[in-house]
Amino acid sequence: LFVVLIPGPNSLYVIALAAQHGARSAYRAAYGIFLGDTILMSLTVAGAASLLRTTPQLFVAFKLVGAIYLSWMGVKLLYTTVCKLRQPEAAPLKEVPIQSHKPFTKALLISLLNPKAIFFFLSFFIQFVDPTYQYPILSFTLLGLVLQTFSMIYLSILIFSGVRLATLFR
């Protein structure tokens, strides 16, 4: 629960999207995050944690690619905000169609390249499953469902908060 509540790129992207484009677009992004987290959990089950432990350069490369992508997204967001602020007040702000910014795809990439998620799933998450248990896949599945449920509740709260805050500021 506490790991889900720690703000990260996923939650920041979803709340920003909710404020800018509404709940529908933000839920598309949330579905991308759920899929990304499910992929990371599946990789954990498949033994990616062992691979990254034996090849630390691969883990560093993953973190580097994730940091570059998240930095690029941040710079792009700042640039867009500055451009919007420089527009004359009389001119209405142009709404970007939801399809043009692909919230599901961006959120999926953010989730898959998120260093926090990679570290959590491949290093920490695996420690809560007993490999001597007769059905370890059951433990992974149950733990994954609990995590995704908390994540869905948390992201829903962020989405509705972002929409509400945007409405208040408008």
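Structural data are supplied above this passage.
Reading the values: the criteria
- Residues numbered from 1 in each chain as written.
- Predicted model: local features only at pLDDT ≥ 70, side-chain atom pairs only at ≥ 80, totals over all residues.
- Heavy atoms only, no water.
- Helix = DSSP H or I, 4+ residues; strand = E, 2+ residues; numbered from the N terminus.
- Contact = heavy atoms within 4.5 Å.
- Areas by Shrake-Rupley, 256 points an atom, 1.4 Å probe, with all protein chains shown as cover.
- 1 Å grid on protein atoms, 1.4 Å probe; cavity = no way out; pocket = protein on both sides within 12 Å on 5 of 7 lines; lining within 4 Å.
- Points joined across faces, edges and corners; volume = space filled by probe spheres on them.
- Nonpolar A, V, L, I, M, F, W, Y, C, P; charged D, E, K, R; others polar.
- Patch = residues over 30% accessible without salt bridge, like charges linked within 9 Å, V, L, I, M, F, W, Y side chains within 5 Å.
- Salt bridge = Lys/Arg side-chain N within 4 Å of Asp/Glu carboxyl O.
- Buried < 20%, exposed > 50% of the residue type's maximum accessible area, 1.4 Å probe, protein only.
- Expected span 1.5 Å × (residues − 1).
- Core = buried A, V, L, I, M, F, W, Y, C linked by side-chain atoms within 4.5 Å.

Asker: Break down the overall build of the chain for me, citing the residues and quoting the values.
Answerer: A count of helices and strands for the chain gives nine helices and zero strands. Along the chain, helices and strands appear, N-terminal first, in the series α-α-α-α-α-α-α-α-α. Sequence separation of at least 24 residues holds for 82% of the intrachain contacts in the chain that already meet a minimum separation of 6. Entry remark: accessible area of the chain is about 10,700 Å², with carbon and sulfur atoms responsible for 73%.

Asker: If you had to explain empty space enclosed by the protein to someone new, which residues and values would you point to?
Answerer: Evaluation of the coordinates by the stated rule reveals one cavity of 30 Å³ or more. Estimates place the volume of the largest cavity at around 240 Å³. As for the largest cavity, its lining consists of 17 residues, and the residues nearest its centre are Val-4, Asn-10, Asp-37, Lys-116 and Ser-151. Mapped by element, the contributors of at least two residues to the lining of the largest cavity are helix 1 (2–5), helix 2 (9–21), helix 3 (23–46), helix 8 (115–124) and helix 9 (136–169). Taken together, the residues of the lining of the largest cavity break down into 10 nonpolar, five polar and two charged.

Asker: For a nonpolar patch on the surface, give the residues involved together with the corresponding values.
Answerer: Together, Tyr-31, Leu-35, Ile-39, Leu-43 and Phe-104 line one region of the surface with nonpolar side chains, adding up to about 410 Å² of accessible area. Examining the composition of the nonpolar patch, we find that four residues originate from one element, helix 3, more than from any other. Mapped onto the fold, Tyr-31 is located in helix 3. Overall, the relative accessible area of 45% leaves Tyr-31 in the partly exposed class.

Asker: Tell me about helix 9, residues and numbers included.
Answerer: In a regular helix each residue adds 1.5 Å, so 34 residues correspond to 50 Å; helix 9 covers 49 Å between its end C-alpha atoms and thus fits that length. Among all positions in helix 9, only Phe-140, Gly-144, Leu-147, Gln-148, Ser-151, Tyr-154, Leu-155, Ser-156, Leu-158, Ile-159, Gly-162 and Ala-166 are buried.

Asker: Quick one: what's the story with the nonpolar core, residue by residue and with numbers?
Answerer: Val-14, Phe-121, Phe-125, Leu-147 and Leu-155 are the most contacted members of the largest nonpolar core, which totals 25 residues. Of all the elements in the fold, those that place two or more residues in this core are helix 2, helix 3, helix 7 (103–113), helix 8 and helix 9. Examining the composition of this core, we find that seven residues originate from one element, helix 3, more than from any other. With residues near it in sequence (within four places) discarded, Val-14 still touches Ala-26, Ala-29, Ala-30, Ile-33, Leu-155 and Ile-159.

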